[in-house]
Amino acid sequence: MNNTFISYENALSIISDHKLDFPIVSKNLEECVGDFLAEPIIADRDFPPFDRVTMDGIAIVYDRFAKGQRSFHIEATVAAGDPQVQLQNNEHCFEIMTGAIMPLGVDTVIRYEDLAIENGIATLQIDAIKHQQNVHFKGSDLTAETVIVPPGNQISSAEINIAASVGKVQLQVRQLPKTIIFSTGDELVSVEETPKMHQIRRSNVYGIQATLKEWGLTPTLHHLPDHKEKMFAEISKELNQYDVFIFTGGVSKGKFDYLPEVLVQLQITKHFHKVQQRPGKPFWFGTQGDTKTIFALPGNPVSSFVCTYVYFKYWFAQSLQITPKKVYAQLTSEVSFKPDLTYFLQAKLEVDNNGNVLAHPLNGNGSGDFASLVHTDGFLILPQEKTVFEKGEVYEVISYRNHI
């Protein structure tokens, strides 16, 4: 293998060496959905903070039921939000509502459906109850000072709910980099145009943009012609505005693939250009100082898709200081791949009845067959040192569907 190519593992290592340290900012709670948490969310008190009633009904002393009492005089009614009260006569009961604090002197709640209430007397209509039933006890979910959500989690409605419950008006989150995605090539026209025979619509950048939006970024789109001076001028202008640059196309050996040369002219340091993998060999990665990161992906749709999920996502996680959970899948049929390359194999994924992730390989029509992405769920990472991958063998999988 030509020594200008580097291995998949070496590419990951170099990318990790050039991760950024995203700054921490404070944002109002309601503005944090999609952001990445930079502080732990900690329980400020026990969850629940008191013995909480979970059913509308009556609260009694279980010992009175055990001794045969079935009718109870209602001493008072207790609503959610009322201060805690105490039973004055252990032969009585409280009528009580869901969410109320359990009164002192009682220990068991019986729901309305199991009662008949008339003239202030509640009579049980069942013969069996459990001691302390229908009570959610203080601290049974979490105790005070427990870390509920660790730093690094992407904030969803669930984290917003938790943060509000512990009194967090604001959250410390990572400030994500300003990102721009460039398409390149004179053969590309805008989505709304009707392409001529020799043209295609710009699509890669929309797929990458949608992917990055799922990860909390808000990238801008831009297009570059196959013209060296214009590329230089456009990129030079945007270098002052953005932190992360993603290019699609223009990085191979074609006569009009000017991008690598232009990036070097812009004093961007190249860390590697070619990776021993399929798809996506002509993949360029570089940086400018400690603040600008550049990913120049192949123009073929499947290649750019793979590189986004394999490399950009890895760099992004490293910069967020998080370690994504790895997922592994079992091959459902034998695969043969002879080139001395890491192979990112498209596969349809499913979970069997035992909870195992199964990978059904798909042999597409090359890295330009982007329609095949609709029928698959992820990429198996098949290692470079093997040529035959047996049915039943397990390999890491990078999924781009949320159901795995």
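The subject of this paragraph is the overall build of the chain. Looking only at helices and strands, the chain features seven helices and 29 strands. Against the 2.2 N^0.38 benchmark of 22 Å for 404 residues, the chain shows a C-alpha radius of gyration of 30 Å, more extended than a compact globule. With respect to the three principal axes, the spread of C-alpha positions in the chain is 95 × 50 × 45 Å. In the chain, which comprises 404 residues, the share counted as buried stands at 45%. Long-range contacts, defined here as pairs at least 24 residues apart, represent 70% of the contacts in the chain between residues at least 6 apart. For the chain, the exposed surface amounts to about 20200 Å²; the carbon and sulfur share of it is 48%. Across the chain, 35 positive and 47 negative side-chain charges occur, with their mean positions spaced 9 Å apart.

Attention shifts here to the sheet that holds strand 17 (residues 220-224). As summarised here, the arrangement of the seven strands in space is 1-19-21-22-18-14-17, forming an open sheet in which the pairing is mixed. If you trace the sheet from one side to the other, it starts and ends with strand 1 (5-6) and strand 17, each paired once. Sheet analysis places strand 1 next to strand 19 (residues 269-275), joined by two bridges and oriented parallel. Note that in strand 19 the partner of F5 across the bridge is K274. In the packing of helix 1 (residues 8-17) onto the sheet, contacts are made with strand 1, strand 19, strand 21 (282-288) and strand 22 (292-297), and the angle to strand 19 comes to roughly 160 degrees. Along the sheet, helix 4 (residues 204-214) makes contact with strand 14 (179-184), strand 17, strand 18 (244-248) and strand 22, crossing strand 14 at roughly 160 degrees.

This part is about the side chain of E238. Secondary-structure assignment places E238 in helix 5 (residues 228-238). Of the side chains bearing the opposite charge, K237 lies closest to the buried E238, which forms no salt bridge; the N-O distance is 4.5 Å. Residue contacts for E238: discarding those within four places in its chain leaves I180, F182 and F245.

On to unusual backbone geometry, then. The amide bond that connects F47 to the next residue, P48, takes the cis arrangement and shows omega of -10 degrees. Across the junction of R278 and P279, the peptide omega takes the value -5 degrees, indicating a cis bond. When you line up the elements, P279 lands in the loop between strand 20 (277-278) and strand 21. Notably, N119 is not glycine yet its phi reads approximately 55 degrees, a positive angle. N119 gets classed as exposed once you look at its relative accessible area, which sits at 74%. Not every positive phi belongs to a glycine, and N134 is a case in point at roughly 60 degrees. For N134, the location among the structural elements is in the loop between strand 10 (121-124) and strand 11 (135-136).

Calculation criteria
Residues numbered from 1 in each chain as written. Predicted model: local features only at pLDDT ≥ 70, side-chain atom pairs only at ≥ 80, totals over all residues. Heavy atoms only, no water. Helix = DSSP H or I, 4+ residues; strand = E, 2+ residues; numbered from the N terminus. Rg over C-alpha atoms; globule rule 2.2 N^0.38 Å. Buried < 20%, exposed > 50% of the residue type's maximum accessible area, 1.4 Å probe, protein only. Contact = heavy atoms within 4.5 Å. Areas by Shrake-Rupley, 256 points an atom, 1.4 Å probe, with all protein chains shown as cover. Lys, Arg positive; Asp, Glu negative; His and termini not counted. Charge placed at Lys NZ, Arg CZ, Asp CG, Glu CD. Pairing = 2+ DSSP bridges. Axes fitted to C-alpha atoms, helices over the stretch in contact; angles between N-to-C directions. Salt bridge = Lys/Arg side-chain N within 4 Å of Asp/Glu carboxyl O.

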